[in-house]
Amino acid sequence: FVRKPHLKKMSVTQNNISVVTIGECSSGKSTAMGRLMYELGLVSEEKMKQIEMEAKAMGCVNSKFAWILNKDKQERELNKTIDINIPPFELHDEGKKFDLIDTPGSNNYMKNMMTGIALASAAILFWRMDYDEYLSDDVMCLDDHLTLLNAKGISQVIVAFTQMDHVNYSYEQYQCFRSLVLARLKRFRFKERNIQCIPISGLYGDNLTERSANMPWYRSVTLLDAMKGLHLPDETKGYPLRVVVKDVYDKGGFGTVAVGSVVSGIMKPGMVVKFAPTGVEGEVKSIKKFGYELPFAKPTELIEFNVPDVSVSDIHRGHVASDAHFSPAFAVESFVAKVMIAKTPGVKPIFNGYTPVIDCGTAHVACKFKHILNTIDRHTGRPRADPGFVRGGDICTVKMEPIKPMCVEPYEICPMSSLGRITIRDNNQVIGF
């Protein structure tokens with residue numbers, strides 16, 4: 001392959017697409033995206049040689065491309081992604097910019113996976129080719145991932161069938177798994193026109209930037225082409241400013257820096273922002289992205305912004321920054337949500353008082369089912385008031401009470417925002433949305 005030079009200059013006029021990688025642990029997400037970055041020239045030859053030497057020293061030479069993204073010592077020792085990785089992946093194409101969000105696949109790090117999905121507007125779903133199609137656990141994991149994408153309103157999905165080299169680039173094996181995954185996608189009401197299926201090998205680079213000679217039977221797009229074909233997210237500039245916070249740190253000499261994603265509105269330096277649910281305020285001194293200073297930040301931009309007037313202890317992951325003088329976000333004591341119960345934990349139904357974890361934006365807060373207001377009768381389609389409990393498959397309206405302050409907003413305020421959508425988790429399993 002020919003490594004392509006990386007365009008270093010940041011453009012603020014282009015529209016942004018944030019792409020999240022999602023898939024089961026060991027599905028090859030980090031390896032494929034690391035190799036893609038290398039082929040695009042986003043990683044220098046010197047850096048690649050250094051990573052390869054470090055991987056060989058630890059007996060993990062096949063993980064060298066994954067280590068481009070997984071820089072943490074624990075991640076490399078365990079050979080798995082633990083936290084969200086957002087590498088400087090500035091791929092510019094035809095008026096678009098692409099940001100990459102690499103998430104963990106293990107359910108042990110479900111909170112981090114949820115945070116990554118909340119920052120994204122499109123997804124690459126990875127399916128490992130050496131799965132046993134008859135193992136229900138694999139399909140259950142796939143269903144959980146599709147539930148998460150559905151719940152967060154992500155409709156554009158690229159399905160990467162990874163590790164094709166493990167099955168000798170078999171067309172029959174690919175078709176078998178492609179049919180299985182497409183059937184699950186259709187069951188979750190993903191539209192076929194928004195789905196691209198691509199057989200790849202992350203380790204050897206097959207079908208990442210160029211069509212592979214190992215799969216002459218495949219004549220469609222590469223992974224890079226599929227990313228370029230993603231549609232821009234719906235416009236949310238006219239809505240109030242909302243920035244969901246992913247991380248906060250103290251930068252010596254500059255003060256507090258918050259890292260997050262703009263879900264609606266425009267952020268500019270000099271703006272006074274208010275953080276929900278705490279209500280603290282501070283002026284935005286500067287906005288940066290991968291070290292480049294921006295004059296403003298648009299929806300779906302992954303940014304870091306400097307608020308030196310605010311203490312680092314007053315902002316946390318899950319908080320929401322908004323314009324203090326125009327429709328600021330605020331904490332709620334309770335909220336009413338219409339939810340679909342996909343399944344119940346164990347065999348018992350869910351009663352009033354049940355307290356699962358609710359994911360909203362980048363927040364993960366335990367909330368009590370204070371009152372199940374109604375359910376929709378499956379036979380008549382009419383609401384049935386005050387049922388007292390719900391089972392798997394029920395659609396219901398519930399009044400919820402967070403056990404600590406959190407920010408939730410009506411879906412109508414900004415339908416594209418993740419702050420009007422929730423997922424319900426119990427013991428790291430998604431049970432509703």
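Residues numbered from 1 in each chain as written. Predicted model: local features only at pLDDT ≥ 70, side-chain atom pairs only at ≥ 80, totals over all residues. Heavy atoms only, no water.

A look at the overall build of the chain
Part 1 of the reasoning: Within the chain, the regular secondary structure consists of 7 helices and 23 strands.
Part 2 of the reasoning: Computed over the C-alpha atoms, the radius of gyration of the chain is 22 Å, within 12% of the 22 Å expected from 2.2 N^0.38 for a compact globule of 433 residues.
Part 3 of the reasoning: Within the chain, buried positions represent 55% of all 433 residues.
Part 4 of the reasoning: Expressed as a percentage of contacts within the chain between residues at least 6 apart in sequence, the contacts between residues at least 24 apart total 71%.
Part 5 of the reasoning: Between the averaged position of the 53 positive side-chain charges in the chain and that of its 49 negative side-chain charges there is a distance of 3 Å. (Helix = DSSP H or I, 4+ residues; strand = E, 2+ residues; numbered from the N terminus. Rg over C-alpha atoms; globule rule 2.2 N^0.38 Å. Buried < 20%, exposed > 50% of the residue type's maximum accessible area, 1.4 Å probe, protein only. Contact = heavy atoms within 4.5 Å. Lys, Arg positive; Asp, Glu negative; His and termini not counted. Charge placed at Lys NZ, Arg CZ, Asp CG, Glu CD.)

Description of the side chain of Ser30
Part 1 of the reasoning: Mapped onto the elements of the fold, Ser30 is located in helix α1 (residues 29-39).
Part 2 of the reasoning: Residue Ser30 is classed as buried on the basis of its relative accessible area, which comes to 7%.
Part 3 of the reasoning: Engagement of the side chain of Ser30 in a polar contact is seen with the side chain of Asp102, the distance being 2.7 Å. (Polar contact = N/O pair within 3.5 Å; in protein donor to acceptor, adjacent residues only side chain to side chain.)

Section: the confidence of the model for the chain
Part 1 of the reasoning: Summing up the model confidence of the chain, the mean pLDDT is 89 and the portion of residues at 70 or higher is 92%.
Part 2 of the reasoning: Every residue in residues 5-13 scores below 50 in pLDDT, and together they form 21 contacts with partners more than four places removed in sequence or on other chains. (pLDDT = per-residue confidence, 0-100.)

Digging into the pairing of strand β3 (residues 96-102)
One face of the sheet, then the other: side chains in a regular strand alternate in exactly this way.
Part 1 of the reasoning: Counting buried positions along β3 gives 7 out of 7 residues, so the element sits mostly inside the fold.
Part 2 of the reasoning: What you see with β3 is no split at all: Lys96, Phe98, Leu100 and Asp102 on one side and Lys97, Asp99 and Ile101 on the other are buried throughout.
Part 3 of the reasoning: In this sheet, β3 lies alongside strand β1 (residues 15-23) in parallel orientation, the contact comprising 7 bridges. Each residue of the ladder has a partner; that of Ile17, found in β3, is Phe98. (Pairing = 2+ DSSP bridges.)

Let's talk about unusual backbone geometry
A negative phi holds for most residues other than glycine; trans holds for most peptide bonds.
Part 1 of the reasoning: A cis geometry characterises the amide bond from Ala276 onward to Pro277, with omega recorded as 10°.
Part 2 of the reasoning: Tracing the backbone through its elements, the reader meets Pro277 in the loop between β9 (272-276) and β10 (281-283).
Part 3 of the reasoning: Look at Ser327: it is not a glycine, yet its phi comes out positive at around 50°.
Part 4 of the reasoning: Assessed through its relative accessible area of 37%, Ser327 is described here as partly exposed.
Part 5 of the reasoning: A positive phi angle, close to 65°, is found at Asn428, a residue other than glycine.
Part 6 of the reasoning: Take Asn428: it is sitting in the loop between β22 (423-426) and β23 (429-432).
Part 7 of the reasoning: The class of Asn428 is partly exposed, set by a relative accessible area of 26%.

What about the packing of aromatic side chains?
Part 1 of the reasoning: For the coordinates displayed, the defined rule picks out 9 aromatic pairs.
Part 2 of the reasoning: Plain terms: the ring middles of Trp127 and Phe177 are 5.9 Å apart, the flat faces sit at 50° to each other, and that makes the pair tilted. Note that Trp127 is positioned in strand β4 (residues 122-128) and Phe177 in helix α6 (residues 171-187), a separation of 50 residues in sequence. Taken as a pair, Trp127 and Phe177 share a single burial class, namely buried.
Part 3 of the reasoning: With a centroid separation of 6.5 Å and 80° between ring planes, the pair formed by Trp217 and Tyr218 is classed as edge-to-face.
Part 4 of the reasoning: Given a relative accessible area of 23%, Trp217 falls into the partly exposed group.
Part 5 of the reasoning: Among the residues examined, Tyr218 registers a relative accessible area of 8% and is labelled buried.
Part 6 of the reasoning: Three or more aromatic residues joined by ring pairs form one cluster here, namely Phe161, Tyr171, Tyr174, Trp217 and Tyr218.
Part 7 of the reasoning: Its guanidinium or amino end placed over the ring of Phe254, Lys251 lies 5.1 Å from that ring's centre, counting from NZ or CZ. (Phe/Tyr/Trp six-rings, centres within 6.5 Å; stacked < 30°, edge-to-face > 60°. Lys NZ or Arg CZ within 6 Å of the ring centre and 35° of its normal.)

A closer look at the pairing of strand β13 (residues 302-306)
Part 1 of the reasoning: Burial runs high along β13: 4 of the 5 residues are buried.
Part 2 of the reasoning: Sheet analysis places strand β8 (residues 255-264) next to β13, joined by 5 bridges and oriented antiparallel. Note on β13: the bridge partner recorded for Ala258 is Phe305.
Part 3 of the reasoning: Where strand β11 (residues 286-289) meets β13, 3 bridges bridge the pair, whose relative direction is antiparallel. Paired with Ser286 across the strands is Asn306, a residue of β13.

Overview of helix α2 (residues 45-57)
Part 1 of the reasoning: Over its 13 residues, α2 extends 18 Å from the first C-alpha to the last, a length consistent with the 18 Å expected when each residue adds 1.5 Å.
Part 2 of the reasoning: Residues of α2 that are buried include every one of Met48, Ile51 and Ala55, and no others. All buried residues of α2 fall inside an arc of 65° around its axis, so they share one side. Of the residues in α2, the exposed ones pointing more than 90 degrees away from the buried face are Glu46, Lys49, Met53, Lys56 and Ala57.
Part 3 of the reasoning: As for α2, its buried residues are in contact with α1.
Part 4 of the reasoning: Gly59 sits one or two positions beyond α2 and adopts a positive phi of about 70°. (Expected span 1.5 Å × (residues − 1). Arc of directions from axis to C-beta.)

Remarks on α1
Part 1 of the reasoning: Of all 11 residues making up α1, 11 are buried, and the element is well covered by its neighbours.
Part 2 of the reasoning: Where α1 is buried, its residues contact β1, α2, β3, β4 and α7 (223-228).
Part 3 of the reasoning: Remark: Gly41 follows α1 within two positions and exhibits a positive phi of approximately 80°.

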